[in-house]
Amino acid sequence: MARRLVSSLGQFIATLLVATALIFLMLRVMPGDPAAVALGINATPEALAQWRAEYGTDQSLAVQYLQWMGGLVRGDFGTSYVTSQDLSPLIADRVQVTLILVGLSMVAALLIAVPLGTLAAVRHQHPSGVVLSGISQVGVAVPNFLVGVLLVAVFAVQLGWFPSGGWVAPSDDPVEFLRRLVLPVIALGSVQAAIITRYVRSAVLEIMREDFLRTARAKGLTRGAALVRHGLRNAGVPVITIVGVQLAAMLIGSVVIERVFVIPGLGSLLIDSVGNRDLLAVQAIVAVLVLLVVLINFLVDLAYTVLDPRLRKAV
C-alpha cells in the first residue's frame, strides 16, 4: 500500500507541474500587453516600462514561471495587475465559498442518488424501477443553469419561499445561510444526482448477479440484507470513479451557478477577472481549480485502495 501511495503522490505532483506550465504558457500567448491593460492606452512608454519592471513581466518566461511557482508553493498568488490587490486572501476567501457550495451539492446528490439508484436496480423488473430510470435519464439531459433559472422563477419569484440569490456567511446568520443555499445546491446537485443514479443502478445490478451474493442469499439472508452487508461495498468501487468525475464537474459547473445566484465564489471571481483582463488573477484561479481537480483524482485513487483489498495485496 505504501508503494501505491508513493506512486499516486508522484503522479499528483507531476500532473500539477505539467498543468501549471500549460496554464502559464497558454495565458502568455494571448494577445495584448498586461501593462497596457492595467495603465490604459494613453500610458507613456516610461510608465509601461516601470510597470513591467515592478511586476516582473519584462523578464524571461522561464524566470516568470519559476517566480510564480515559488509563490504558489508559499501560498502567495501575487498582486492583481488591474486592482493592485493582494490575490492570496481574496482567493482564499472565495474558494471557501465555492467548496461549501460544491460540498453541500455533492452530499445532496449522493443522498438522492445512492438510495434511488439502488432501488432502481433492485426493482428493475417492476414499473417503479423503470420510472426511476426514466426520471434519471431525463435529469442527465437538463443543464445546471436551466435548473437554476427554473428554481428561481418558481420558488423565489412566484412562491417567494427562498431568496433568489446572494450570500450570507454561516457565522453571521446560520438560518439565512442555509436558506440562500437551498436553490443553488439543488441546481448544482440535481444533474449530478441523476448521473450518479445511473451508475449506482448499473453497479448494483452487476453485483446482484455475482455468485457471492447468491451464496449469501442461500445462507438465509434476504435480498436487501445480502445487498447491504456484502454488495454495496463492492458496488462502491466503480461508483467512486463517477463521484470523483462529477465532483470535478461540479467545480466547473459552479462557475455558472455562482453567477446565476450571485454567490461570491471562485467562479464569479474568475468571470470578473476574465472581463477585466486581469491575467495574473485568471492564472491563479485556474491553477487553484486544477489543483482541486487533481486532488480529487488523487483521493479517488486512495479510496480504491481502501475499498478494494485486492489492490492492497497487489502492492
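*Asks:* Could you give an account of the overall build of the protein, naming the residues involved and the relevant values?
*Replies:* What the protein contains, in helices and strands, is 13 helices and 0 strands. The order of α-helices and β-strands along the protein, N terminus first, is α-α-α-α-α-α-α-α-α-α-α-α-α. Looking at the 315 residues of the protein, the share that counts as buried comes to 42%. For the protein, contacts bridging at least 24 residues in sequence account for 71% of all contacts bridging at least 6. As displayed, the protein offers around 16800 Å² of accessible surface, 67% of which is attributable to carbon and sulfur atoms.

*Asks:* Could you give me a rundown of the packing of aromatic side chains, with the residues and numbers involved?
*Replies:* Using the criterion set out here, one finds 3 aromatic pairs in the structure. Where phenylalanine 155 meets tryptophan 161, the ring centres are 5.7 Å apart and the plane angle is 45°; that geometry is what we call tilted. With a relative accessible area of 52%, tryptophan 161 lands in the exposed category. Between the aromatic rings of tryptophan 167 and phenylalanine 177, the centroid separation amounts to 5.5 Å while the plane-to-plane angle is 90°, which identifies the pairing as edge-to-face. Here tryptophan 167 is found in the loop between helix 7 (144-158) and helix 8 (174-208), whereas its partner phenylalanine 177 is found in helix 8, with 10 residues between them in sequence.

*Asks:* Give a detailed account of helix 5 (residues 87-122), specifying residues and quantitative values.
*Replies:* The first and last C-alpha atoms of helix 5 sit 51 Å apart over 36 residues, in line with the 52 Å expected at 1.5 Å per residue. At the N-terminal boundary of helix 5, the capping side chain belongs to aspartate 86, with an oxygen 3.3 Å from the backbone nitrogen of serine 88.

*Asks:* Report on helix 11 (residues 266-275), specifying residues and quantitative values.
*Replies:* Those residues of helix 11 that sit buried are Leu266, Gly267, Ser268, Leu269, Leu270 and Ser273. Note on helix 11: the residue one or two positions beyond its end, arginine 277, has a positive phi of about 55°.

*Asks:* I'd like to hear about the pattern of salt bridges, residue by residue, with values.
*Replies:* Opposite charge on two side chains makes pairing possible when the charged atoms of those side chains draw close. Under the definition given, this model contains 3 salt bridges. Note that glutamate 176 and arginine 180 form a salt bridge whose closest N and O atoms lie 3.0 Å from each other. Of this pair, glutamate 176 and arginine 180 are both found in helix 8, 4 residues apart, which corresponds to roughly one turn of the helix. Its relative accessible area of 23% is what places arginine 180 among the partly exposed residues. Look at the salt bridges and you will find they share partners, linking Glu176, Arg179 and Arg180 into a network.

*Asks:* Pulling in residues and values, what's your account of the environment of alanine 203?
*Replies:* Mapped onto the elements of the fold, alanine 203 is located in helix 8. Along the chain, alanine 203 and alanine 121 lie 82 residues apart, while their C-alpha atoms are 8.5 Å from each other.

*Asks:* Report on the nonpolar core, specifying residues and quantitative values.
*Replies:* Counting 64 residues, the largest nonpolar core has Trp68 and Ile91 as the members making the most contacts within it. A total of 14 residues in this core trace back to one element, the largest contributor, which is helix 8. Excluding anything up to four places from it in sequence, tryptophan 68 contacts Thr20, Phe24, Leu280, Gln283 and Ala287.

Thresholds applied
Residues numbered from 1 in each chain as written. Predicted model: local features only at pLDDT ≥ 70, side-chain atom pairs only at ≥ 80, totals over all residues. Heavy atoms only, no water. Helix = DSSP H or I, 4+ residues; strand = E, 2+ residues; numbered from the N terminus. Buried < 20%, exposed > 50% of the residue type's maximum accessible area, 1.4 Å probe, protein only. Contact = heavy atoms within 4.5 Å. Areas by Shrake-Rupley, 256 points an atom, 1.4 Å probe, with all protein chains shown as cover. Phe/Tyr/Trp six-rings, centres within 6.5 Å; stacked < 30°, edge-to-face > 60°. Expected span 1.5 Å × (residues − 1). Polar contact = N/O pair within 3.5 Å; in protein donor to acceptor, adjacent residues only side chain to side chain. Salt bridge = Lys/Arg side-chain N within 4 Å of Asp/Glu carboxyl O. Core = buried A, V, L, I, M, F, W, Y, C linked by side-chain atoms within 4.5 Å.

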